[in-house]
Amino acid sequence: YHAKQKGNHYLFFNDSMNEQAVKRLQIENLMRFGLKEDHFVVYYQPKMDIATGALVGMEALVRFITPKKGVISPGLFIPIAEETGQIVEIGEVVLDKACKDVKRWIDQGLFNGRVAVNLSARQFSLPDLTARIDLILQKNQLPSYFLELEITEGTVMDDPQEAISIMRSLSSRGIHLAMDDFGTGYSSLAYLKQFPLNTLKVDKAFVDDMNTERGCNMVDSIVTIAHNLGLHVVAEGVEHEEQLHQLQRLNCQTIQGYYYAKPLSAQEFEQFLRSQHSEKPALQLVN
Ligand code: C2E
Ligand code: MG
Ligand code: MG
Ligand code: MG
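All figures in this text were calculated on a predicted structure; none of them were measured in a lab.

Observations regarding a nonpolar patch on the surface
Right, so step 1: A surface patch of nonpolar side chains, amounting to about 230 Å² of accessible area, comprises Leu189, Ile225 and Leu229.
Right, so step 2: Structurally, Leu189 is set in helix 8 (residues 189-192).
Right, so step 3: Owing to a relative accessible area of 52%, Leu189 belongs among the exposed residues under this scheme.

Okay, structure coming up:
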């Protein structure tokens, strides 16, 4: 162990902690470079209406593609970007690219729904958040009607009253709001009804548990709560047909998951949109 004095505190770290710190610093540097060199790319994962099999929207998911280290998973770099604050710039790059792509698909008559973009806690707490979003929408000439923002419980439960007012200002612009990874954080039901949400996304962990009766009951309860609050429900991480059938039985309207489609590059997603247009059965078309 080494000891290092920082103010009045001693920080102890062993070699593996040191290694971790070096890795974080490496990723931080890669992200700084990646922002300059445009290494952040947006993929799109389709959301499907269970009843009709039609595409109803998509989620924009960032991909960090570095020339030297290959693709770095969001699970690895997003938490670091949250800490360093780089997530603000990355998030705006994603929003800008998503707006640009969707604008093009709308203009080409290929799409007429909403694109969902993840909003980090850091972005959510920016005092000029709405102005920043307005600017990106304007720049891309995309009406706010086509945008949905996904936020997590942790983001809004930090200061729920403040969160309500931020959400209201977004919602009043016609932007839809989705609660992401629902059930994994600690949001209280008392607040859930006060948030101006449109959609609740059932976390993949609950969908994974649907092979047990208790797991199914759990999802049933979540869907019922959501519907009682007038919210649309999206189930995340649907991989198997059996899950789809169970979700259908529980009146969940929309699914997102590998069963229907993996996240696709903009080019692949555009092909997907074109194939939907030519009215071939959608379920056979995606990897
Ligand atoms: P999320 O917002 O809950 O996104 C869903 C994640 O589940 C995505 O992982 C997606 O690829 C994955 N997924 C979807 N269907 C399936 C499935 O059937 N099976 C499995 N195993 N996985 C599935 P991804 O793209 O790795 O992103 C992970 C998380 O990183 C996201 O979770 C989100 O919290 C964050 N993230 C991604 N892009 C952004 C972004 O642009 N901004 C911010 N702030 N966070 C982002
Ligand atoms: Mg999400
Ligand atoms: Mg999610
Ligand atoms: Mg998730």
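So that's the structure; there's more coming.
Comments concerning the coordination of the magnesium ion (ligand 3)
Right, so step 1: Every protein donor of the magnesium ion (ligand 3) is listed here as Asp180 (OD), Asp181 (OD), Glu236 (OE) and Glu236 (OE), and their distances to the metal cover 1.8 to 2.7 Å.
Right, so step 2: Sequence positions of the donors to the magnesium ion (ligand 3) reduce to the motif D-D-x54-E.
Right, so step 3: Between the magnesium ion (ligand 3) and the magnesium ion (ligand 2), a spacing of 3.8 Å is present, and a bridge between the two is formed by Asp180. One end of the pair, Asp180, is in strand 8 (residues 176-182); the other, Glu236, is in strand 10 (residues 232-236), with 56 residues separating them in the sequence.

Thoughts on the environment of Arg274
Right, so step 1: Here Arg274 shows up in helix 12 (residues 266-277).
Right, so step 2: Residues Arg274 and Gly174 lie 100 residues apart in sequence; the distance between their C-alpha atoms is 27 Å.
Right, so step 3: Sequence-distant contacts of Arg274, that is, excluding residues within four places in its chain, are made with Gln108 and Leu110.

Here's the deal with the coordination of the magnesium ion (ligand 2)
Right, so step 1: The magnesium ion (ligand 2) binds to the protein through Glu59 (OE), Asn118 (OD1), Glu150 (OE) and Asp180 (OD), with metal-donor distances spanning 2.0 to 2.2 Å.
Right, so step 2: Of the residues examined, Glu59 reaches a relative accessible area of 4% and is grouped as buried.

Focus: the nonpolar core
Right, so step 1: Core analysis: the largest hydrophobic core is formed by 83 residues, its most contacted members being Tyr44 and Trp105.
Right, so step 2: In terms of residue count, helix 3 (residues 86-107) provides more of this core than any other element does, 10 residues in total.
Right, so step 3: When near neighbours in sequence (up to four residues on either side) are disregarded, Trp105 contacts Tyr44, Met58, Leu110, Phe111, Ala266, Phe269, Glu270 and Leu273.

Details of the pairing of strand 6 (residues 114-118)
Right, so step 1: Of all 5 residues that make up strand 6, 4 are buried, and the element is covered over most of its length.
Right, so step 2: Bridge count between strand 4 (residues 55-66) and strand 6: 4 bridges; the pairing is parallel. Paired with Gly57 across the two strands is Arg114, which belongs to strand 6.
Right, so step 3: The sheet contact formed by strand 6 and strand 7 (residues 147-152) spans 4 bridges and is parallel. Counted as the bridge partner of Val115 is Leu147 from strand 7.

Thoughts on helix 7 (residues 160-171)
For an α-helix the count is 3.6 residues per turn, leaving residues at separations of three or four pointing the same way.
Right, so step 1: Under the 1.5 Å per step criterion, the end-to-end length of helix 7 is 16 Å for 12 residues, consistent within 8% with the ideal 16 Å.
Right, so step 2: Among all positions of helix 7, only Pro160, Ala163, Ile164, Ile166, Met167 and Leu170 are buried.
Right, so step 3: Contact partners of the buried residues in helix 7: helix 4 (121-124), helix 5 (129-139), strand 7, helix 6 (153-157), strand 8 and helix 8.

Parameters at a glance
- Residues numbered from 1 in each chain as written.
- Chains lettered and ligands numbered in written order.
- Predicted model: local features only at pLDDT ≥ 70, side-chain atom pairs only at ≥ 80, totals over all residues.
- Heavy atoms only, no water.
- Patch = residues over 30% accessible without salt bridge, like charges linked within 9 Å, V, L, I, M, F, W, Y side chains within 5 Å.
- Areas by Shrake-Rupley, 256 points an atom, 1.4 Å probe, with all protein chains shown as cover.
- Salt bridge = Lys/Arg side-chain N within 4 Å of Asp/Glu carboxyl O.
- Helix = DSSP H or I, 4+ residues; strand = E, 2+ residues; numbered from the N terminus.
- Buried < 20%, exposed > 50% of the residue type's maximum accessible area, 1.4 Å probe, protein only.
- Donors = N, O, S within 2.8 Å, 3.2 Å for Na, K, Ca; no water.
- Contact = heavy atoms within 4.5 Å.
- Core = buried A, V, L, I, M, F, W, Y, C linked by side-chain atoms within 4.5 Å.
- Pairing = 2+ DSSP bridges.
- Expected span 1.5 Å × (residues − 1).

Geometric descriptors of this kind do not, in isolation, establish any biological role.
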